[in-house]
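# Structure assessment
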Amino acid sequence: MEFEIGNEKVFLDFVKSISKKDKIAILSHNDNDGIVAGLLMERVINKLGFKTESIDFLDIKEGMLDQFFVKFKKNKISKIFISDIAIDSIDLKAFEKLKKIFSVLLIDHHVSNPKMKDFSGVIKAKDGYCCGYMVYRFGERVCDMEDSKLLASTSIIADMAYKTKECFHFVKKEYPNFIPEKIGESAPGHLSREISSS
């Protein structure tokens, strides 16, 4: 996987910094890729022996974080995973404020905001990847993700990341009958439709 900002080490360092005292929240986009990325992140956290206090799926819009400052303080959240939200481009001030109060990791595949100066806790894949695949690959480094290949493949299909050679080969290896022209006939294609319609 190729990165615009950060890399796998940023993820590994953040995960290693979690302790039993931490309360963890996940914020992710409410589209197919964001839902898959959020669910996979929760799965990784659980497999590492930690609990997620809250998981929220959001519309991407300015002010989307506003409701969470009070909620997270009240619930004593200390670690926040954000995926597939492009928060640095949509609401950079809110993102910077969130990072001052909480320990935050952003996993994203959208182009970064050139005005962003603090890249700590930020991982941005280069164009052509998707967040579900990113979380799957990062998760593989710290736990068994064998049971998550269908979800990762679904994310790849929903965001058309199969146009990237690496992602195409990932799906094709797991689902040899996968053909981009007949996405709906594959298992991840079916699941992608179900998630999108729910």
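The structure reproduced in this document is the subject of the present report.

Rules behind the numbers
Residues numbered from 1 in each chain as written. Predicted model: local features only at pLDDT ≥ 70, side-chain atom pairs only at ≥ 80, totals over all residues. Heavy atoms only, no water. Phe/Tyr/Trp six-rings, centres within 6.5 Å; stacked < 30°, edge-to-face > 60°. Helix = DSSP H or I, 4+ residues; strand = E, 2+ residues; numbered from the N terminus. Buried < 20%, exposed > 50% of the residue type's maximum accessible area, 1.4 Å probe, protein only. Arc of directions from axis to C-beta. Contact = heavy atoms within 4.5 Å. Polar contact = N/O pair within 3.5 Å; in protein donor to acceptor, adjacent residues only side chain to side chain. Core = buried A, V, L, I, M, F, W, Y, C linked by side-chain atoms within 4.5 Å. Pairing = 2+ DSSP bridges. Right-handed = clockwise from strand over helix to strand, strands pointing away. Axes fitted to C-alpha atoms, helices over the stretch in contact; angles between N-to-C directions.

What follows is about the packing of aromatic side chains. How two aromatic rings sit relative to each other is set out by the distance from centre to centre and by the angle between their planes. Under the definition given, this model contains 10 aromatic pairs. Here the aromatic rings of Phe72 and Phe102 are separated by 6.0 Å at their centres, their planes lie at 90°, and the arrangement is edge-to-face. Highlighted residues: Phe72 in helix 3 (residues 66-74) and Phe102 in the loop between helix 5 (92-101) and strand 5 (103-108), separated in sequence by 30 residues. The exposure class of Phe102 is buried, given its relative accessible area of 7%. Here Tyr129 and Tyr133 contribute two aromatic rings whose centre-to-centre distance is 6.4 Å and whose plane-to-plane angle is 15°, an arrangement assigned as stacked. Each member of the pair, Tyr129 as well as Tyr133, carries the same accessibility label: buried.

Once that is clear, we can look at helix 9 (residues 187-197). For helix 9, the complete set of buried residues consists of Pro188, Gly189, Ser192 and Ile195. Taken down its axis, helix 9 places every buried residue within 125° of arc, on the same side. Structural note: helix 9 exposes Glu194 and Ser197 on the side pointing more than 90 degrees away from its buried face. Tucked into the core, helix 9 has its buried residues touching helix 2 (32-47) and helix 7 (149-158). The backbone nitrogen of Gly189 has a side-chain oxygen 3.1 Å away, supplied by the residue at the start of helix 9, namely Ser186.

Core analysis: the largest hydrophobic core is formed by 41 residues, its most contacted members being Phe11, Met41, Phe81, Ile107 and Ile156. Of all the secondary-structure elements, those providing two or more residues to this core are helix 1 (8-16), strand 2 (24-29), helix 2, strand 5, strand 6 (122-125), helix 6 (131-140), helix 7 and helix 8 (165-174). In terms of residues, this core owes the most to one element, helix 2, which gives seven residues. If you look at the next biggest cluster of nonpolar residues, it comprises 23 residues, including Phe69, Phe95, Leu106 and Val122.

Our next topic: unusual backbone geometry. The backbone of Asp84 shows a phi angle near 60°, a positive value even though the residue is not glycine. By the element assignment, Asp84 lies in the loop between strand 4 (79-83) and helix 4 (87-90). Overall, the relative accessible area of 1% leaves Asp84 in the buried class. You will see that Met160, though not glycine, has its phi angle at about 55°, which is positive. Within the secondary structure, Met160 is located in the loop between helix 7 and helix 8. By relative accessible area, which is 42% here, Met160 ends up partly exposed.

Where strand 2 lies against strand 3 (residues 52-58), six bridges are found, and the strand directions are parallel. Residue His29 lies in a different strand from strand 3, and its bridge partner there is Leu58. After leaving strand 2, the chain enters helix 2 and then returns to the sheet as strand 3, a path that is right-handed.

The strand order across the open sheet formed by six strands is 1-6-5-4-2-3, and the pairing between neighbours is mixed. Strands with a single pairing partner mark the edges of an open sheet, and in this sheet they are strand 1 (3-5) and strand 3. Here the average twist between neighbouring strands, direction ignored, is 15°. In the sheet, strand 2 pairs with strand 4 via five bridges, with the strands oriented parallel. Within strand 4, the residue paired with Ile24 across the bridge is Lys79. Packing of helix 2 onto the sheet brings it into contact with strand 2, strand 3, strand 4 and strand 5, and relative to strand 2 it is tilted by some 160°.

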